[in-house]
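# Structure assessment
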Amino acid sequence: MRSIISLLKDILLKMLELISLINKKLELELLWQNPSPSSAFKAQTINMDLIEGDLIAITFKGHATAEVAYFTGLFIVDGTKQRYSQYYGYSSAGQTQTMWRDVTVKTTGITFTTGYLKNANAVPESSTSYYVPVKIRRICRGGVLTNLISHLRRRWAVC
């Protein structure tokens, strides 16, 4: 029978191996870059080949023409409408503001709606200048995490 120390040592070594494997698998791959990030970005679809279950990172510029922060949202390729939303600040009247853009990520590409800004207690205002996509990156290919878990169960069973 194995000692507890020996078992813990094996588990630690296997965890280090797993971290190394994950680091190799989760490399960012640039899929698309906006050639004009300081221009308005109308509702549109960017065609690209994606895999069901891919994890995609989209970096948005808060406003096309302003010197503002960049924001990154994570999206799963599953065909559902997903929203990137963020607290934006205060209006000149002191109301809180929220900005968003809806994204549908399918295996054939990514569809963006127009951007929106909403002041508290007001109707949302749409604009093609809100949340302009700047870069689209693939974080990991579909099924990578599922495959890693399956691999671990087969290879690293300790009991």
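Since we're looking at a predicted model, the values are computed, not measured. In this convention, every chain numbers its residues from 1, walking through the sequence in written order. Owing to the predicted nature of the model, reporting of local features is limited to residues with pLDDT of at least 70; listing and counting of side-chain atom pairs is limited to 80 or more, with chain, interface and lining totals taken over all residues. Only hydrogens and water are removed before side-chain values are computed, so all heavy atoms of the structure are retained for them.

## Focus: the confidence of the model for the protein
The condition that has to hold: pLDDT runs from 0 to 100 and stands for how confident the predictor is about each residue. Where helices and strands are cited, they refer to DSSP runs of H or I of at least four residues and of E of at least two residues respectively, numbered from the N terminus.
Across the protein, the average pLDDT comes to 81, with 80% of residues at or above 70. Of all helices and strands in the protein, the one with the weakest mean pLDDT is helix H2 (residues 144-155) (54), whereas strand S2 (residues 44-47) scores best (97).

## Things to note about a nonpolar patch on the surface
Threshold: Patches here are clusters of residues that have more than 30% relative accessible area and form no salt bridge, with a 9 Å joining cutoff for like charges and a 5 Å cutoff for nonpolar side chains (Val, Leu, Ile, Met, Phe, Trp, Tyr). Values of accessible area rely on a 1.4 Å probe in the Shrake-Rupley scheme; residue burial ignores everything except the protein chains shown. What makes a salt bridge here is a side-chain nitrogen of Lys or Arg within 4 Å of a carboxyl oxygen of Asp or Glu, nothing more.
Residues Leu12, Leu13 and Leu16 make up a contiguous nonpolar surface patch of about 300 Å² in total accessible area. Inspection of the secondary structure puts Leu13 in helix H1 (residues 4-25).

## Observations regarding unusual backbone geometry
Let me state the cut-off plainly: Three labels apply to residues, based on accessible area from a 1.4 Å probe with only protein chains included: buried if under 20% of the type maximum, exposed if over 50%, partly exposed otherwise in between.
Even without a glycine there, the phi angle at Tyr131 is positive, about 45°. When you line up the elements, Tyr131 lands in strand S9 (residues 130-140). Taking relative accessible area as the criterion, Tyr131 reaches 0% and is therefore assigned buried.

## Some details on the pattern of salt bridges
Scanning all chains against the criterion turns up 4 salt bridges. Close ionic contact of Arg138 with Asp54 constitutes a salt bridge, the shortest N to O distance being 2.6 Å. With Arg138 in strand S9 and Asp54 in the loop between S2 and strand S3 (55-63), this residue pair connects regions lying 84 residues apart in the sequence. Given a relative accessible area of 0%, Asp54 falls into the buried group. Of the charged contacts, one joins Lys81 and Asp102 as a salt bridge, the two residues approaching to 4.0 Å between their closest N and O atoms. One end of the pair, Lys81, is in strand S5 (residues 81-90); the other, Asp102, is in strand S6 (residues 96-106), and 21 residues separate them in sequence. Accessibility expressed as a relative area gives 58% for Lys81, which makes it exposed.

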